[in-house]
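Here is how the chains run, residue by residue.
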Amino acid sequence: MNKKFPENFLWGGAVAANQCEGAYDEDGKGLSIEDVTPKGIRGPITKEPTKENLKLKGIDFYHKYKEDIKLFSEMGFKVFRLSIAWTRIFPNGDEENPNELGLEFYDDIFDECHKYGIEPLVTISHYEMPLYLAKKYNGWSSRKTIDFFEKYVRTIFNRYKNKVKYWLTFNEINSIIHMPLLAGIMTPADKITKSEIYQAIHHQLVASALATKIGHEIIPNSKIGCMVIAVPIYPLTPDPEDVMTAFKADRENLFFTDVQVKGKYPFYIKRYFKENNIDLKIELGDEEILKNTVDFISFSYYMSACASSKSEENKKSGNMIMGVKNPYLKESEWGWQIDPKGLRYVLNTFYERYDKPLFIVENGLGAKDELIEDENGNKTVIDDYRIKYLNDHIIEIKEAIEDGVEVMGYTSWGCIDLVSASTAEMSKRYGFIYVDRNDDGSGTLSRYKKKSFYWYKELIETNGESLEK
Ligand code: BG6
């Protein structure tokens, strides 16, 4: 395999504010739902931020971003995906005026990226609903939240119009079906109705389309994408019942890209709404707003899952979307089923369905690392398991490109170790750069290059030619 990736392929890495920045109450930042979920996105919620919550300090990216971006530039990053914390800009979410110190922080970050020729790719909202809006309005359950969000996006588009070209609206927008708390919905998961969830989804879809419209108006050369979790669902057996179960489960997710890419509710959703007693309140003008479709589709890809019509047994844990164990796949230490070919499959199915450029904005292996000293006395991690995972997945991207799929870029998740989202642990590491922080909060926060750091550097340098088949 010696063909190169496209010349302008955007290689890089990705992080989210709440998992790396820390400084949760500095320079006027307000609280978000992440500050009160010390065990991760599945809850429970604490009344106040508590010391055990590793996200409060993260990896202190807030103060160390210059050092970190320099390391990314050493690897040759062309793009760096990060999110803006809504609560740095509007601490409660409903203020009249934005917080200048919060705005300045991201100005500095974007300037630092450009200093090294790194293009920022900004997620507008990555699981960080302001806690105040979550408590007062029940997050995206309320239509009011669209207005607050609109103000927030206008503010950041205007402020960063000369610094940021690539934007994503909501991180993993389809996660709301599985984890309503991520959309700031405080109703306990066992009390929430499908109607309430889909109403909140409607608000988010309108907000996403509105952001796309506003972004295109304020930054005419911008590229604005949607972002979903991609977990292909295979039938567990050839039993047509299993095939149908998998097909329906897949559609639950495809619904989100269908609306954001095609600009309207898909034909099949009517029946689903009817059978589930979902009666959406759609206001005049919403359908018009939804027509503001995205320029590209971005997604996270970690695993695939199986579906069976017969058994609910054997549920695997996973990246929000769970499924039945696939007997042909190995899994990560956290039980996520490793399936590189699934990535080629996802890329092809998305491209076939939408004919839009694709961007893989998250992929990687969460694993326990051991920090050792090499023969020169330098601390490092020999993470061959991570290199293998990434190598095998990126080969499948290359295959998809050979298939004819248009792929804009690839940002590996957690390019520097950070606090995990699902379990809020430090020991679940994804990075090319090791951060000295432990699950009990101890550690110097020093950064060390892992073996994969040099591997990724070479991969970017050779534009993919160094991949091993
Ligand atoms: C995605 C999220 O779901 O998966 C990230 O967008 C998250 O925020 C990533 O970190 C990996 O999940 P985890 O739980 O291993 O951190």
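Here is what the cut-offs are and how they apply
Residues numbered from 1 in each chain as written. Predicted model: local features only at pLDDT ≥ 70, side-chain atom pairs only at ≥ 80, totals over all residues. Heavy atoms only, no water. Pairing = 2+ DSSP bridges. Helix = DSSP H or I, 4+ residues; strand = E, 2+ residues; numbered from the N terminus. Axes fitted to C-alpha atoms, helices over the stretch in contact; angles between N-to-C directions. Contact = heavy atoms within 4.5 Å. Near = heavy atom within 4 Å. Polar contact = N/O pair within 3.5 Å; in protein donor to acceptor, adjacent residues only side chain to side chain. Areas by Shrake-Rupley, 256 points an atom, 1.4 Å probe, with all protein chains shown as cover. Nonpolar A, V, L, I, M, F, W, Y, C, P; charged D, E, K, R; others polar. Phe/Tyr/Trp six-rings, centres within 6.5 Å; stacked < 30°, edge-to-face > 60°. Buried < 20%, exposed > 50% of the residue type's maximum accessible area, 1.4 Å probe, protein only. Lys NZ or Arg CZ within 6 Å of the ring centre and 35° of its normal. Expected span 1.5 Å × (residues − 1). Bend = angle between axes of the 7 residues up to and from the residue. Right-handed = clockwise from strand over helix to strand, strands pointing away.

A.B. asks: Would you explain the sheet that holds strand 1 (residues 10–14) in this entry?
C.D. replies: Through backbone hydrogen bonds, the strands of a sheet pair up, either in parallel or in antiparallel fashion. Taken in spatial order, the eight strands close into a barrel running 1-2-3-4-5-7-11-14, and their pairing is parallel. The average angle at which neighbouring strand axes cross in this sheet is 25 degrees, direction not considered. Both strand 1 and strand 14 (residues 407–413) contribute to a ladder of five bridges, which runs parallel. Paired with L10 across the bridge in strand 14 is G409. Packed onto the sheet, helix 8 (residues 240–262) meets strand 4 (166–170), strand 5 (223–229) and strand 7 (296–300) and runs at close to 170 degrees relative to strand 5. Most of the contacts of helix 12 (residues 384–403) go to strand 14, to which it runs at about 170 degrees, and overall it touches strand 1, strand 11 (358–362) and strand 14.

A.B. asks: Help me understand the site of the ligand in this model?
C.D. replies: Residues in contact with the ligand amount to 15 residues; listed here are only the nearest, Q19, E172, A421, S422 and Y430. The separation between an oxygen atom of the ligand and a polar side-chain atom of N171 is 2.9 Å. With respect to the ligand, the side chain of E362 contributes an N or O atom lying 2.7 Å from an oxygen atom. In isolation the ligand exposes 380 Å². Once the protein is present, 99% of that is buried. A breakdown of the residues in the shell around the ligand according to their chemical character gives six nonpolar, six polar and three charged.

A.B. asks: Help me understand the packing of aromatic side chains, please; the structure alone is not making it clear to me.
C.D. replies: Ring pairs (aromatic) are described by centroid distance and by the angle formed between their planes. Under the criterion given, the structure shown has 40 aromatic pairs. Residues W140 and F170 carry aromatic rings whose centres are separated by 5.4 Å and whose planes lie at 90 degrees to one another, so their mutual orientation is edge-to-face. Note that W140 is positioned in the loop between helix 5 (131–137) and helix 6 (144–160) and F170 in strand 4, a separation of 30 residues in sequence. We note that W140, like F170, is buried. Above the face of the F105 ring, R88 is positioned so that its terminal group lies 5.5 Å from the ring centre.

A.B. asks: How should the pairing of strand 2 (residues 79–83) be read in this particular structure?
C.D. replies: If a strand is regular, its side chains alternate between the two faces of the sheet. Of all the five residues making up strand 2, five are buried; the element is thus mostly covered by neighbouring parts of the structure. Burial along strand 2 is two-sided: the face carrying V79, R81 and S83 and the face carrying F80 and L82 are both buried. Bridge count between strand 1 and strand 2: three bridges; the pairing is parallel. Note on strand 2: the bridge partner recorded for A14 is R81.

A.B. asks: I keep staring at helix 8 and nothing clicks. Help me out?
C.D. replies: Structural remark: α-helix, 3.6 residues per turn; residues separated by three or four positions point the same way. The terminal C-alpha atoms of helix 8 lie 29 Å apart, and with 23 residues this falls more than 12% below the ideal 33 Å at 1.5 Å per residue. Its axis deflected by about 40 degrees at N253, helix 8 carries its strongest bend there. Listed as buried for helix 8 are D242, A246, D250, N253, L254, F255, F256, T257, D258, V259, Q260 and V261. Two or three places before E241, at the opening of helix 8, D239 has a side-chain oxygen 2.8 Å from that residue's backbone nitrogen. Just past helix 8, the residue G263 takes up positive phi, approximately 80 degrees.

A.B. asks: Which parts of the structure should I look at to understand the pairing of strand 5?
C.D. replies: In terms of burial, strand 5 is largely enclosed, as six of its seven residues are buried. Strand direction decides the pairing type here: strand 4 and strand 5, joined by three bridges, are parallel. Each residue of the ladder has a partner; that of L168, found in strand 5, is G225. Handedness of the crossover joining strand 4 and strand 5 through helix 7 (residues 194–218) is recorded here as right-handed.

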